[in-house]
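Chain by chain, the residues:
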Amino acid sequence: MPREESNSGATELLRKVRKIEIRTRALSHQIFAGEYHSAFKGRGMAFSEVREYQYGDDVRNMDWNVTARLGSPYVKVFEEERELTVMLLVDVSRSGLFGTVGGTKRDRVAEIAAVLSFSAILNNDKVGALLFSDKVELFIPPAKGRTHLLHILRQVLDFRPTSDGTDIGGALRFLSGAMKKKCTAFLLSDMLDVREDGSPLYEDAIKVAAGRHDLSVIRVYDPRERTIPDLGLVPVKDAESGNVAWVNTGSRRMREAYSAWARSADSQRQSLLLRHHIDSVDIATDQDYVKALMGLFQKR
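Conventions used here
Residues numbered from 1 in each chain as written. Predicted model: local features only at pLDDT ≥ 70, side-chain atom pairs only at ≥ 80, totals over all residues. Heavy atoms only, no water. Helix = DSSP H or I, 4+ residues; strand = E, 2+ residues; numbered from the N terminus. Buried < 20%, exposed > 50% of the residue type's maximum accessible area, 1.4 Å probe, protein only. Contact = heavy atoms within 4.5 Å. Areas by Shrake-Rupley, 256 points an atom, 1.4 Å probe, with all protein chains shown as cover. Pairing = 2+ DSSP bridges. Axes fitted to C-alpha atoms, helices over the stretch in contact; angles between N-to-C directions. Polar contact = N/O pair within 3.5 Å; in protein donor to acceptor, adjacent residues only side chain to side chain. Arc of directions from axis to C-beta. Parallel < 35°, antiparallel > 145°, perpendicular 65-115°, else oblique. Left-handed = near helix turned anticlockwise from the far one by under 90°. Nonpolar A, V, L, I, M, F, W, Y, C, P; charged D, E, K, R; others polar.

Moving on: the overall build of the protein chain. Counting secondary structure elements, the protein chain contains 8 helices and 10 strands. Residue burial in the protein chain is summarised as follows: out of 300 residues, 44% are buried. For the protein chain, restricting intrachain contacts to residue pairs at least 6 apart in sequence, the fraction spanning at least 24 positions comes to 75%. By element, 50% of the accessible surface of the protein chain is carried by carbon and sulfur atoms, the whole surface being about 15,800 Å².

The structure is reproduced here in structure tokens:
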């Protein structure tokens with residue numbers, strides 16, 4: 001019986017992987033490949049040579065050592081790196097298993113990760129993944145090819161974390177330490193790693209990571225995380241801590257207070273990302289992510 005259940009689970013996982021592959025590969029070919037190329041190609045630049053300064057050159061590219069040695073102004077010339085490294089930072093904490101409409105947050109994250117991966121593969125880029133909870137659960141080094149991509153997708157869909165919490169800062173610090181060269185990184189998370197007042201716990205780490213890498217944040221959330229319906233007195237369980245509390249959702253004051261807290265957390269997160277020039281998009285589990293991702297690509 002256990003073997004039958006295991007085989008059934010594996011078959012279901014393969015079915016989900018295949019379904020996502022068919023949908024997201026088509027999207028990557030038809031829609032995202034061009035947008036991805038425009039948004040991210042050219043962001044990675046490699047030093048090529050130095051030449052004499054010409055009118056209109058960006059003074060930030062001045063090579064002061066050569067200028068001082070030769071007695072006339074010289075600038076550094078950069079060329080586009082033809083191959084990028086894409087890293088997916090995927091939040092696999094237990095809060096991702098929540099979903100009231102359109103599936104769970106984890107399911108939506110898996111589809112978005114697949115679209116980004118196929119778009120990268122189409123542009124001959126390497127793709128790697130970092131799965132985290134309140135610790136780094138799994139690091140998959142960047143590589144190319146469909147087999148590698150499907151391995152990442154299976155892990156995102158089926159990975160069972162050994163810890164329950166969320167530590168976005170720890171994942172970002174691991175990225176900064178593991179990836180010595182600049183990469184294009186996508187943080188896929190519900191971003192529920194905040195203090196009681198809603199302020200982000202990961203501010204210092206995201207500032208450092210954004211300074212070293214081309215970082216974008218894709219927040220996946222469930223609509224019920226913003227408002228609480230009137231259901232009377234109900235038990236509420238924290239998916240990460242396991243704590244259960246009885247909440248009187250019939251109280252209008254309580255519902256308004258929660259909505260105000262959610263708005264404050266959103267505002268503080270958005271302010272942080274803007275302050276450090278980090279591109280971001282919010283995608284709900286009941287929302288078509290195609291338009292949202294296109295918007296993220298185009299605004300870059």
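A few words on the sheet that holds strand 7 (residues 214–221). Here we have 6 strands laid out as an open sheet, ordered 5-4-3-6-7-10, and mixed in their pairing. The strands lining the two open edges of the sheet, one partner per strand, are strand 5 (136–143) and strand 10 (279–284). For this sheet, the mean angle separating the axes of adjacent strands, direction not counted, is 15°. Here strand 4 (residues 126–132) runs beside strand 5; their pairing, made up of 5 bridges, is antiparallel. Residue Ala-129 lies in a different strand from strand 5, and its bridge partner there is Ile-140.

Our next topic: helix 8 (residues 289–298). In terms of residue burial, helix 8 counts as a mostly covered element, since 7 of its 10 residues are buried. Along helix 8, the residues that are buried comprise Tyr-289, Val-290, Ala-292, Leu-293, Met-294, Leu-296 and Phe-297. Among the residues of helix 8, the N-terminal cap falls to Asp-288, whose side-chain oxygen and the backbone nitrogen of Val-290 are separated by 3.0 Å.

Moving on, we get to helix 6 (residues 203–212). Along an α-helix, residues three or four positions apart point the same way, because every turn accommodates 3.6 residues. Listing the buried residues of helix 6 in full gives Ala-205, Ile-206 and Ala-209. Down the axis of helix 6, the buried set is contained in an arc of 95°. They therefore lie on one face. Counted as exposed and oriented over 90 degrees from the buried face of helix 6: Asp-204, Lys-207 and Gly-211. Turning to helix 6, the residues buried within the fold contact helix 5 (168–178), strand 7 and helix 7 (252–275).

What follows is about the environment of Ile-228. Along the chain, the position of Ile-228 falls in the loop between strand 7 and strand 8 (233–237). Classification of Ile-228 by relative accessible area gives partly exposed; the value is 23%. Separated by 30 residues in sequence, Ile-228 and Tyr-258 have C-alpha atoms that sit 7.6 Å apart. In contact with Ile-228, other than residues within four places in its own chain, are Thr-249, Met-254, Arg-255 and Tyr-258.

Bringing the packing of helix 5 against helix 6 into the picture now. It is at 9 Å that the axes of helix 5 and helix 6 come closest, and there the two elements cross at 30°. In terms of orientation, helix 5 lies roughly parallel with respect to helix 6. Like other packed secondary-structure pairs, helix 5 and helix 6 cross with a definite hand, here left-handed. Residues Gly-169, Leu-172, Arg-173 and Ser-176 of helix 5 pack against Ala-205, Ile-206, Val-208, Ala-209 and Arg-212 of helix 6. A breakdown of the residues in the contact of helix 5 with helix 6 according to their chemical character gives 5 nonpolar, 2 polar and 2 charged.

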